[in-house]
Amino acid sequence: IKTFTIGFESDEYDESRYATQVAKHLGTDHTTHICTEEEAKTIIPLLSFIFDEPFGDSSCIPTYLVSKIAQQQVTVALSADGGDEQFVGYRRYIKALKIASLLKQKPAFFNKSIGYVLKWAGSSEITNKISEIFIQGSIQNIPDIQTQLLTKNNLKRLLKNYQPENIRQAKNCNINSIFASEYQNYLQDDILVKVDRATMAVGLEGREPLLDYRIAEWVMKLPLKIKYKNSTLKYLLKKITHKYLPISLMDRPKKGFGLPINKWLRGELKYLVSEVFDTPFLVQQNLFSIPYLKEREQKFLSNQEDGDFIWHYIMFQLWYKRWHS
């Protein structure tokens, strides 16, 4: 069995050494490739062509790269997407349920007051999202607000012609409605798009065994206490996996397929920031509020906020320049 992993030069994001240990334990023919900042520079210009839409998930870079490396040896590869969505792999699920419980316990005026205090006190997008949840006081909005890049207030500030988006809103905030929201939005519109287009771009076929409909239907019938137990995410999946791997190889904090985008955009990739925040270009484009964009640029470059918004904005502009210029 051949296995493939992408690592990073930064220890904060690199998990390749753990993948090597797993591969050694299982006896696979393993390949590790370290994604460098210079390599990312060559991939980024390709993204607007590969995805054919503004695609903001930065993990598309290592996904494309691992697909390219794998395609040199195989024509079909297995991926493990769907595990988090089916077996409770994200902390935000539990946070959503806790917030919903708090909203139910307190009267509406109290929740709104908390929301306005948070809005006044905080400036981060996370704080803004939480304040919006409390101000609206509607628990069915929680899953959607959690996964949105910008709050409605910041969308209004960003867009010159803001039109409220038509989102697929959950009917409630329980574990099943959260799963349904993830399936309809994040899994379908982000994760699977990313893997499909990254693999197809290099002529590799990616398959997702955890999303076999028989597994999905069976797991959805299981009670939450089997999948999330003793504050352990993916409890059931881990119990199964421990039959094949020692706990010592897996007992680590969860990491996504993230990359050091903040460091890169303040370093070798800083030219991208300058390019898409160019005032004459923004005036000609006439889509966004220039003062708001300049505010976000300044906060990012002065380390007052991370690069999540900046990266999504860059991906939109690279797509726009390729297809609309």
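Heads up: the structure comes first, above all this text.
Worth saying up front: this structure is predicted, and the values here are computed from it rather than measured.

Caption draft 1: Spatial organisation of the nonpolar core. Formed by 53 residues in total, the largest nonpolar core has its most connected members in Ile-44, Leu-47, Ile-61, Leu-265 and Ile-314. In terms of residue count, the dominant contributor to this core is helix 19 (residues 308-324) (nine residues). Among residues more than four places away in sequence, those in contact with Ile-44 are Ile-61, Leu-269, Leu-272, Trp-311, Met-315 and Leu-318.

Caption draft 2: Summary view of helix 19. A rise of 1.5 Å per residue sets the reference length of helix 19, with its 17 residues, at 24 Å; its end C-alpha atoms lie 24 Å apart and thus fit the reference within 8%. Here helix 19 has its buried residues at Phe-309, Ile-310, Trp-311, Tyr-313, Ile-314, Met-315, Gln-317, Leu-318, Trp-319 and Tyr-320.

Caption draft 3: Structural view of the packing of aromatic side chains. Within this structure, the stated rule accounts for eleven aromatic pairs. Both rings, one in Phe-51 and one in Phe-55, keep their centres 4.5 Å apart while their planes meet at 5 degrees; by these two values the pair is stacked. Summarising the burial analysis for this pair, Phe-51 and Phe-55 share the class buried. Arranged with centres 6.0 Å apart and planes meeting at 70 degrees, the rings of Tyr-90 and Tyr-186 form a pair that is edge-to-face. Taken together, the residues Tyr-90 in the loop between helix 4 (83-87) and helix 5 (91-105) and Tyr-186 in helix 10 (residues 175-201) connect sequence positions 96 residues apart. Exposure remark for Tyr-90: the relative accessible area of 12% places this residue in the buried category. Here Tyr-186 falls in the partly exposed class, since its relative accessible area comes to 24%. An aromatic cluster of at least three residues, connected via ring pairs, comprises Phe-277, Phe-288, Tyr-292, Phe-309, Tyr-313, Phe-316, Trp-319 and Tyr-320. Residue placement shows Arg-92 over the ring face of Tyr-90; its charged tip is 4.2 Å from the ring centre. Here the basic side chain of Lys-106 rests over the ring of Phe-110, its NZ or CZ set 5.5 Å away from the ring centre.

Caption draft 4: Representation of the side chain of Glu-37 within the structure. Note that Glu-37 resides in helix 2 (residues 37-51). Notably, Glu-37 is buried but unbridged: the nearest opposite-charge side chain belongs to Lys-263, and the N-O separation is 5.4 Å. With sequence-adjacent residues up to four places away left out, Glu-37 is seen in contact with Glu-9, Lys-263, Trp-264, Gly-267, Glu-268 and Leu-269.

Caption draft 5: Inspection of the pattern of salt bridges at higher detail. Counted under the stated rule, the structure contains 16 salt bridges. Residues Lys-194 and Asp-57 are paired through a salt bridge, measuring 3.9 Å at the closest nitrogen-oxygen approach. Taken together, the residues Lys-194 in helix 10 and Asp-57 in the loop between helix 2 and helix 3 (60-71) connect sequence positions 137 residues apart. Each member of the pair Lys-194 and Asp-57 is classed as buried. Arg-207 serves as the salt-bridge partner of Glu-205, at 2.8 Å between the closest nitrogen and oxygen. It is possible to trace a salt-bridge network through shared partners that takes in Glu-38, Lys-41 and Glu-268.

Caption draft 6: How the structure looks around a nonpolar patch on the surface. On the surface, Leu-26, Ile-240 and Tyr-244 cluster together to form a nonpolar patch covering roughly 320 Å² of accessible area. Looking at the secondary structure, you find Ile-240 in helix 13 (residues 235-241). Overall, Ile-240 belongs to the partly exposed group, its relative accessible area being 38%.

Caption draft 7: Focus on the state of the cysteines. Taken as a whole, this structure holds zero disulfides when the rule is applied. Looking at the unpaired Cys-60, the closest cysteine sulfur is the one in Cys-35, lying at 11 Å.

Caption draft 8: How the structure looks around the environment of Trp-323. Note on placement: Trp-323 falls in helix 19. For Trp-323, the residues in contact, after removing those within four places along its chain, are Ser-48, Phe-49 and Asp-52. Among the polar contacts listed, one links the side chain of Trp-323 to the backbone oxygen of Ser-48, at a separation of 3.3 Å.

Caption draft 9: Structural detail: the packing of helix 5 against helix 10. Their axes nearest at 10 Å, the elements helix 5 and helix 10 cross at an angle of 135 degrees. As judged from the angle between their axes, helix 5 and helix 10 are oblique. Seen from above, helix 5 lies across helix 10 with right-handed handedness. Here helix 5 contributes Arg-92, Tyr-93, Ala-96 and Leu-97 to the contact with helix 10, which in turn contributes Ile-175, Ile-178, Phe-179, Glu-182 and Tyr-186.

Caption draft 10: Expanded view of the pairing of strand 1 (residues 2-8). Across the seven residues that make up strand 1, a large majority, five, are buried. Of the pairings in the sheet, the one linking strand 1 to strand 2 (residues 29-35) comprises seven bridges and is parallel in character. Following the sheet pairing, Gly-7 is matched in strand 2 by Ile-34. Between strand 1 and its parallel partner strand 2, the chain crosses via helix 1 (residues 16-26), and the hand of that crossover is right-handed.

What counts, and at which threshold
Residues numbered from 1 in each chain as written. Predicted model: local features only at pLDDT ≥ 70, side-chain atom pairs only at ≥ 80, totals over all residues. Heavy atoms only, no water. Core = buried A, V, L, I, M, F, W, Y, C linked by side-chain atoms within 4.5 Å. Buried < 20%, exposed > 50% of the residue type's maximum accessible area, 1.4 Å probe, protein only. Helix = DSSP H or I, 4+ residues; strand = E, 2+ residues; numbered from the N terminus. Contact = heavy atoms within 4.5 Å. Expected span 1.5 Å × (residues − 1). Phe/Tyr/Trp six-rings, centres within 6.5 Å; stacked < 30°, edge-to-face > 60°. Lys NZ or Arg CZ within 6 Å of the ring centre and 35° of its normal. Lys, Arg positive; Asp, Glu negative; His and termini not counted. Salt bridge = Lys/Arg side-chain N within 4 Å of Asp/Glu carboxyl O. Patch = residues over 30% accessible without salt bridge, like charges linked within 9 Å, V, L, I, M, F, W, Y side chains within 5 Å. Areas by Shrake-Rupley, 256 points an atom, 1.4 Å probe, with all protein chains shown as cover. Disulfide = S-S within 2.5 Å. Polar contact = N/O pair within 3.5 Å; in protein donor to acceptor, adjacent residues only side chain to side chain. Axes fitted to C-alpha atoms, helices over the stretch in contact; angles between N-to-C directions. Parallel < 35°, antiparallel > 145°, perpendicular 65-115°, else oblique. Left-handed = near helix turned anticlockwise from the far one by under 90°. Pairing = 2+ DSSP bridges. Right-handed = clockwise from strand over helix to strand, strands pointing away.

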